[in-house]
Amino acid sequence: MMFAVLGATTLVLVAGAPWVLPAAAEGTNLKSPQNVEVYIVDDSCILKWSGSDEFVSNVTFSVDYQIPEIDDWIKLPGCQYVTSTQCDFSSLQLNVYDEVKLRVRAEKGNDTSPWYEVDSFIPFQKAQIGPPEVHLEAEDRAVILNISPPGTQDSVMWAMDSSSFTYSLVIWKNSSSGEKRTETVYPRDKIYKLSPETTYCLKVRARLRVQRKVGLYSPVSCINTTVENKLPPPENIQIDSNNWNYIIKWDYKYENMTFQAQWLYGYLKKFPGKHEDKWKQLPDCENVKTTQCVFPRSTFSRGIYFVRVQASNGNNTSLWSEEKRFDTEIQTIILPPLINLKSVNGSLRVYIGAPKESENKSVDQPYRLTYEINFWENTSDTQSKILQKKTDFTFLNLKPLTVYCVKARALILEEKWNKSSDFSDTVCEKTKPGNTSRTLLIAGICIALLILAAVVYVVRVLWRCINYVFFPSSKPPSAVDEYFSEHLLKNLLLSTSAEQIERCFVIENTNTVSAAEETNHAGEDYKKYGSQTSQDSGNYSNEDENSGSGLSEEVLLQGAV
C-alpha cells in the first residue's frame, strides 16, 4: 500500500513537471531575443526580433542605443517594455550618416535576459529606397507623369539626394500581359507613342546611381488615353548646327501650317511639378511657315536644354511635340584654330589663336581644348605629330635656314565624348641662323681679317724689298751721312766759292778711306774724315769755316779703286 502511495506521488510530480519547470525557468533562465534585424525604408526605422521561448508569457522587451559622441547606452524612446517583437524608432533624431549601435533584451518582472547587441550600422547605408508617389494625366497619344520622390516632404534620409533620384518606368497595355516597355523618365515627363483611347498601366521606382541604391516599385497605376486630337503634333525633331547658328527641323504631314518652338532649361526636369511657365520662346522661331527655323548659337550657353514644337492653322492647335533633349556640348562645332609662326635663333615659336567670326571677333569656345599639331620640313613628306594644351610653345634645335610647315586642329578630349575641328591652314616659316652658325660666321670673319692683315704685311715687305733693290734712294747711307752735320751742309749750299770750285770725295768699293791732313799757313787744326764701306758714290765737298782767310788750295782725297 505504501509503495502504491509513493508511486502515485511520484507520478504526480513527474506529470506536473511541465508546469513547474517553466516557472522555474522564468525566474532563472530568461533567454535573449533572437533573429534581431534592423529595417529602414526611407525615414521609417523598425527593429524586429523573435522571442527565445514561446512558452514564457508576460515577457516585455527593451532596447538601448549608443552613438559615437556618447559612451553610455541610452534608452531608446518608444522601445521600452514593449510586448511585441518589434519597435519603431523613426522618431529618434539621429544623424543618418553616423554609426549607431542597438541592443535588446527580454524582461519579466525583475528578471532580465542578457543583452543582444546588434552589429553597428549607418542608417543611410542601411536604408532602402521606398516607392515613389505617381500621378498621371492623359493625352491622345501620351501619358504625362508627375512623380514625387520617395520619403516624406520633410525627409531626413534623402534630404541631400532628393534631386539626384533617377526613375525607371515599366508601362504596358492593360489588355496585354507580355509586352512591356521600360524607360528612364524625369519627375515631370511624358510617355509618347501611345495609342488613343487605350488603357495603359505602369509602375515606377527610384534609383541613386552614385550610392548604387535601387528602390521599390510604386503600386501599379492605370489610365485611359483620350480621343485623338484633330491636328497631330510635329514629329522627328532634329537640331543641327553650323559655325554661328542652330537649326531646328521637324516633319509635318499637312501644309500651310504655322509653327512655333520653345525651350526649357534641362535642370528643371529634375524637380517635380509642372514647369509650363518656365518654357521660353525660341528667337526667330515664332509663327514660321516652314518646317525649320534658325536661331543664333548665343541663345544657349553650355548646358542641357529641351525644345518642343507646336503646329496651328488658325482655329486649331496641335498638342506640343515630343520634347527633344538638346546638349550644347554634343551640338558644338569646333572651329579650326589660327596659327602664327615666328623664327627665333634656330627655333620656331608657334602661337595658336582662337578662330575669328565674320566681324573679325574671336569665337568664344568655353571648352578645354587640346591641340594636335602636325610639323614637318617643307621638302619632306614625313610629319611629326604632337599634342599640346598650351597655345604658345617652341620647336627647338631646328636646322638653320630651313623652311618648316605647321598645321593644327583643336580637340575636346573628355570621358563621355570626343570632338575635333578641321585642320587649320598650313603655315610655313624659314628658320634664322642659329647660335652655332653665328659663332662660325664671327670666327670666319676674324680668320679672314687675320689673313688679310697677313697678306697686307707680306705685300708691304715685298714692296720694300723691290724698292730697295730696283729703286734705291738717293740719300746716302746713315753711316756716311752722320759725318756731314747740318751746319756744314748749310755752308756748302751758301758759299759762293763752292759754286766756282768743285770739290769731290769719292768712295767706291773700299773698306777704308784714309784721311788726309792739311796744314794752313796760319797753323790750323787737323781735320780727319773717315768712311765705312758703302755701295753709293757721289761728290761731296767741305770747307773749313774756322779759317780766317780764303784758302787758295784744297785738299782732295781721292780713293783709288
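Further up the page is the structure itself.
Residues numbered from 1 in each chain as written. Predicted model: local features only at pLDDT ≥ 70, side-chain atom pairs only at ≥ 80, totals over all residues. Heavy atoms only, no water.

## A short note on the packing of aromatic side chains
Put simply, the rule reads: Centres within 6.5 Å are what make two rings of Phe, Tyr or Trp a pair, Trp counting through its six-membered ring; a difference in plane orientation under 30 degrees is then read as stacked, over 60 as edge-to-face, and the rest as tilted. Helix and strand definitions here come from DSSP, where helices need a minimum of 4 consecutive H or I residues and strands a minimum of 2 consecutive E residues; each element is numbered from the N-terminal end. Relative accessibility thresholds used throughout: buried, under 20% of the residue-type maximum; exposed, over 50%; partly exposed, between the two (1.4 Å probe, protein chains only). Definition used: whenever NZ (Lys) or CZ (Arg) falls within 6 Å of the ring centre and also within 35 degrees of the ring normal, the charge is taken to sit over that ring.
Using the criterion set out here, one finds 24 aromatic pairs in the structure. Plain terms: the ring middles of Tyr-186 and Phe-306 are 5.7 Å apart, the flat faces sit at 90° to each other, and that makes the pair edge-to-face. In this pair, Tyr-186 sits in the loop between β12 (180-185) and β13 (188-191) while Phe-306 sits in strand β22 (residues 304-312), placing the two residues 120 residues apart along the sequence. Judged by centre distance (5.7 Å) and plane angle (40°), the ring pair of Tyr-265 and Tyr-305 falls under tilted. You can see Tyr-265 sitting in strand β19 (residues 258-265) and its partner Tyr-305 sitting in strand β22, a full 40 residues away along the chain. The class of Tyr-265 is partly exposed, set by a relative accessible area of 30%. Take Tyr-305: its relative accessible area is 4%, and that puts it in the buried class. Of note, Lys-48 hangs over the ring of Tyr-39, and the distance from its end group to the ring centre comes to 4.9 Å. Above the plane of the ring of Trp-115 lies Arg-103, whose end atom (NZ or CZ) is 4.1 Å from the centre.

## Thoughts on the state of the cysteines
Keep this limit in mind: Whenever a pair of cysteine sulfur atoms sits within 2.5 Å, that pair is classed as a disulfide.
Taken as a whole and assessed by the stated rule, the structure comprises four disulfides. Each disulfide pairs two cysteine sulfurs, and for Cys-79 the partner residue is Cys-87, the sulfurs being separated by 2.1 Å. Taking the torsion about the S-S bond as the criterion, the Cys-79 to Cys-87 disulfide, at about 95°, is right-handed. Side by side, Cys-79 and Cys-87 carry an identical accessibility label, which is buried.

## Some remarks on the sheet that holds strand β17 (residues 235-241)
Here is the rule we go by: Criterion used throughout: strands pair if DSSP finds at least two bridges between them. Axes here refer to lines fitted to C-alpha atoms; in helices the fit is confined to the stretch in contact. Angles between the N-to-C directions go from 0 to 180 degrees.
Across the sheet, three strands lie side by side as β17-β18-β21; this open sheet has antiparallel pairing. Of all the strands in the sheet, the pair left with one neighbour each is β17 and β21 (292-296). Sheet twist, expressed as the average angle between the axes of neighbouring strands with direction ignored, equals 20°. Note: strand β18 (residues 245-251) against β21, five bridges, orientation antiparallel. If you follow Ile-247 over to β21, its bridge partner there is Val-294.

## Details of the nonpolar core
Let me state the cut-off plainly: Each nonpolar core is a collection of buried residues, namely Ala, Val, Leu, Ile, Met, Phe, Trp, Tyr and Cys, held together in the definition by side-chain atoms within 4.5 Å. Working rule for contacts: check all heavy atoms of both residues, and any pair within 4.5 Å makes them a contact.
Counting 47 residues, the largest nonpolar core has Leu-47, Trp-49, Val-63, Leu-76 and Leu-102 as its most contacted members. Looking at this core, the elements that each hand over two or more residues are β1 (34-41), β2 (44-50), β3 (60-66), β6 (100-108), β8 (116-121), β10 (143-148), β11 (166-173) and β14 (199-208). If one sorts the elements of this core by residue count, β14 sits on top with five residues. The residues contacting Leu-102, other than those within four sequence positions of it, are Val-38, Leu-47, Val-63, Asp-64, Tyr-65, Trp-73, Leu-76, Phe-89, Tyr-116, Glu-117, Val-118 and Phe-121. Grouped together as the second largest cluster of nonpolar side chains are 22 residues, Cys-285, Phe-300, Tyr-305 and Ala-311 included.

Read these as layout, nothing more, since geometry by itself doesn't imply function.
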